Amino acid sequence: MFDYKNNIDVLLDVSALAGLSISVIILVQGAANMLLMTSLWILYHSISSVGQRWYSFGWESQLLESGFLAIFLCPLLSMKKFPESCSQVVIWAYRWLIFRIMIGAGLIKLRGDSCWRDLTCMNYHYQTQPVPNPASLYLHQTPELWHKMETAGNHFVELIAPLMLIIPLRKVQIVGGSIQILFQVILICSGNLSFLNWLTILPCIACFDDKSLSWLFTSDTLQKLSSKSSSKGSFINSRRCIDVLLTLLIGYLSIPVVKNLLSSGQAMNTSFDPLKIVNTYGAFGSITRERTEVIVQGTYTNPDDPSARWYEYEFKCKPGNVTKRPCLISPYHYRLDWLMWFAAFQNYQHNPWLIHFVAKLLANDQLAVELIAVNPFAGKSPPKYIRLEHYRYEYSTFNSKEYGKTWWTRRKMGSYMPPVSLHSLQPYLQQMGWSS
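Residues numbered from 1 in each chain as written. Predicted model: local features only at pLDDT ≥ 70, side-chain atom pairs only at ≥ 80, totals over all residues. Heavy atoms only, no water.

### So, the environment of C86
Then, number 1: Inspection of the secondary structure puts C86 in the loop between α3 (58-71) and α4 (88-111).
Then, number 2: Its relative accessible area of 43% is what places C86 among the partly exposed residues.
Then, number 3: Taking the C-alpha atoms as reference points, C86 and W407, 321 residues apart in sequence, are found 50 Å from one another.
Then, number 4: Discounting chain neighbours no more than four positions away, the residues touching C86 are L73 and I91. (Helix = DSSP H or I, 4+ residues; strand = E, 2+ residues; numbered from the N terminus. Buried < 20%, exposed > 50% of the residue type's maximum accessible area, 1.4 Å probe, protein only. Contact = heavy atoms within 4.5 Å.)

### A look at a nonpolar patch on the surface
Then, number 1: A contiguous nonpolar surface patch, about 550 Å² in accessible area, is contributed by L17, L20, V24, L27 and V28.
Then, number 2: Mapped onto the fold, V28 is located in helix α1 (residues 8-29).
Then, number 3: We classify V28 as exposed; its relative accessible area is 69%. (Patch = residues over 30% accessible without salt bridge, like charges linked within 9 Å, V, L, I, M, F, W, Y side chains within 5 Å. Areas by Shrake-Rupley, 256 points an atom, 1.4 Å probe, with all protein chains shown as cover. Salt bridge = Lys/Arg side-chain N within 4 Å of Asp/Glu carboxyl O.)

### A word on the pattern of salt bridges
Once the charged atoms of two side chains with opposite charge are near each other, the side chains can pair.
Then, number 1: Applying the stated criterion to the full structure yields 11 salt bridges.
Then, number 2: Here R387 ties to E389 by a salt bridge, and the two come within 4.0 Å at their closest N and O atoms.
Then, number 3: Judged by relative accessible area, R387 falls into the buried class, the value being 19%.
Then, number 4: Accessibility expressed as a relative area gives 3% for E389, which makes it buried.
Then, number 5: Members of the salt-bridge network, linked through shared partners, are R291, E293 and K318.

### Some thoughts on the pairing of strand β3 (residues 291-299)
Then, number 1: Judged by how many residues are buried, β3 sits mostly within the fold: 9 of 9 residues are covered.
Then, number 2: Burial of β3 is two-sided: the residues R291, E293, I295, Q297 and T299 facing one way and the residues T292, V294, V296 and G298 facing the other way are all buried.
Then, number 3: When β3 meets strand β5 (residues 385-395), the two strands line up antiparallel, connected through 9 bridges. Note on β5: the bridge partner recorded for T299 is Y385.
Then, number 4: Bridge count for β3 against strand β4 (residues 311-312) is 2 bridges, and the pairing is antiparallel. By the bridge assignment, Q297 is partnered in β4 with E312. (Pairing = 2+ DSSP bridges.)

### Things to note about helix α16 (residues 352-362)
Then, number 1: Among the 11 residues that make up α16, 9 are buried, leaving the element largely enclosed by the rest of the structure.
Then, number 2: All of the buried residues along α16 are W353, L354, I355, H356, F357, V358, A359, L361 and L362.
Then, number 3: On its buried side, α16 packs onto β3, α15 (335-344), α17 (366-369), β5, β6 (408-420) and α18 (422-432).
Then, number 4: Immediately beyond the C-terminal end of α16, within one or two residues, lies N364, with a positive phi of roughly 55 degrees.

### Description of the packing of aromatic side chains
Then, number 1: Per the counting criterion, the structure on display carries 26 aromatic pairs.
Then, number 2: A ring pair is formed by Y313 and F377, whose centres lie 5.9 Å apart and whose planes are at 45 degrees; its orientation type is tilted. Remark: F377 occurs in the loop between α17 and β5 and Y313 occurs in the loop between β4 and α15; sequence separation between them is 64 residues.
Then, number 3: Accessibility expressed as a relative area gives 1% for F377, which makes it buried.
Then, number 4: Summarising the aromatic geometry, the rings of W341 and F345 are spaced 5.0 Å apart at their centres and angled 85 degrees between planes, so their arrangement reads as edge-to-face. (Phe/Tyr/Trp six-rings, centres within 6.5 Å; stacked < 30°, edge-to-face > 60°.)

### Topic: the nonpolar core
Then, number 1: The biggest cluster of nonpolar side chains holds 80 residues, and the ones touching the most others in it are F357 and L388.
Then, number 2: Apart from the residues within four sequence positions on either side, L388 is in contact with V294, I295, V296, L354, V358, S415, Y416 and M417.
Then, number 3: Among the nonpolar cores identified, the runner-up in size contains 8 residues, and L137, V322, Y395 and W407 belong to it. (Core = buried A, V, L, I, M, F, W, Y, C linked by side-chain atoms within 4.5 Å.)

### Quick notes on the side chain of R387
Then, number 1: Note on placement: R387 falls in strand β5.
Then, number 2: Within polar-contact distance, the side chain of R387 engages the side chain of Q297 at 2.7 Å.
Then, number 3: Ignoring sequence-local partners within four residues, the contact set of R387 consists of I295, V296, Q297, W310, M417, P418 and P419. (Polar contact = N/O pair within 3.5 Å; in protein donor to acceptor, adjacent residues only side chain to side chain.)

### Points about the environment of T270
Then, number 1: Along the chain, T270 turns up in strand β1 (residues 270-271).
Then, number 2: Given the relative accessible area of 23%, T270 is considered partly exposed.
Then, number 3: Each C-alpha atom of the pair T270 and S61 lies 8.3 Å from the other, and the pair is 209 residues apart in sequence.
Then, number 4: Not counting the four nearest positions on each side in its chain, T270 is found in contact with N279 and T280.
Then, number 5: A polar contact of 3.2 Å, which involves the side chain of T270, links it to the backbone oxygen of M268.

### As for empty space enclosed by the protein
Empty pockets left among the atoms are what a rolling probe the size of a water molecule brings to light.
Then, number 1: In total, this model carries 4 cavities of 30 Å³ or more according to the counting rule given.
Then, number 2: The volume enclosed by the largest cavity comes to roughly 80 Å³.
Then, number 3: Lining the largest cavity, in full, are P132, C317, K318, P319, G320, N321, K324, R325, P326, C327 and W408.
Then, number 4: Lining the second largest cavity we find V294, I295, V296, Y313, E314, F315, K318, P319, G320, N321 and K324.
Then, number 5: The residue makeup of the lining of the second largest cavity, split by class, is 6 nonpolar, 2 polar and 3 charged. (1 Å grid on protein atoms, 1.4 Å probe; cavity = no way out; pocket = protein on both sides within 12 Å on 5 of 7 lines; lining within 4 Å. Points joined across faces, edges and corners; volume = space filled by probe spheres on them. Nonpolar A, V, L, I, M, F, W, Y, C, P; charged D, E, K, R; others polar.)

None of the figures reported here should be taken as evidence of function without further support.
Shown next as C-alpha cells:
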C-alpha cells in the first residue's frame, strides 16, 4: 500500500502543483466551470486539513467558503466567458459572507479588549500587529486623537456599515460595498495581513450590479453581453433546482453561526461543519500592549561560558535585526513568521512545533533553513547549541537618537528557552515520533 506518512511531502507538492496548474488554466482562459472550481476547493481543503497549526489561520476557512460559493457561479462543464445566467443565490450568499466577516470582527472587539471600548487600541496596533510594514512605523506615531478617530471609524465600518450590505436597495449596497473595499485597501497599506484583506474584497464585489461595473469592460464585451440570447428553459430549471438546494444548505449551516454571533461567549474564526462551508469570523479581539519577539541564536561553544559567541538567525519578515526595514509582502503569507509572533506571547512548552524547528536548525536541515532569511551557519557545520531569547521591541521614535539609523529598539527580557543540543532533544523527538 502507499506509504502516506513517508511521502507526505510528495503528496503536498503534487496537490499544490495540481492547484497551480488548474489556476493557470482558469487565468489564461478567463473562465472556469464547476468541475475545475470543485477540484481547486478539494485540493485546498486537503492541504488545509493536514496543515494543523500551519493552516490554523482564519482566512483558510474564509478561502474555503469563498471557493465553495464560486463553484456555483460557473457552468457545469462549459468554459464560456459569458455563461447563460448568474445565480442570484450565490450573489446573496457572498453578501451574507462579507456581512458575517465584518459584523463578527466588530462584535468580537466590543466583547473583547477594553481598549476597543475606550478607543485606545490603535495606540498599540501598528507596533504590535503580527507583521508590520514600512508604513506602520509612521502610522504608529500619529497623534492620539487620530488613533481614537481610527478606532471609532473601525467600529463604524465593522458594526454599522455591514447593515448596508444586506439591505435590498441598489445604491445602499453599492455604497456599503465601496466602504468595505476602501477599508480593506487601508488595511493592506498599513500592515502585512497575508491575503486576508485581498480575499475579503472578493465578496464585496457582489454588492455591485452589472451597470455599476460596466466601466471596467470594453464596449465590445458589453455588446456581446447585451446581445446574448435568453437562457433555455431546461437550463433555468436545473439552475433553480441547484439554487434551492444551495439556499437550504447555507440556511441550515448558518444557524450555529448566527447563534455564535449573538452569544456573549462569541468564538471567532470557527467552523461548525467539517467542510467549512459556512463559518464564523473575527480578528483582533484583543490587542497586545507590548511587542515581544523570540530571537533564535546558535553557538559552537559551551553555552554556560559567559564569553560564548552567539549568532542570530534572521527571519524573512518578522522583526529581528533592528536595522532591517519592515517588509512589504502582502498578499504573500510567511506562515513561520506569523507563528513566531504567536509564540512570543506564549511559551515554548505550548509550541512543540518550535522545539522541532530548533532541532531542524541544529541539523542545518535544508527545508527548515529555506524558511528563514539568514542562516549564520550556512555552508558551515551546524551549531552545537541553540537558545531562544525573549526581547521587547519598540519603534524608533521620531525624536530619538536611533531614528534614521534603526527601525526598532529592543531590550532583553530574559530567556525564552534554555540552550539545547541535538543530543539533549533526542528523547523528546522520539517521544513525539519525530525524526531528528
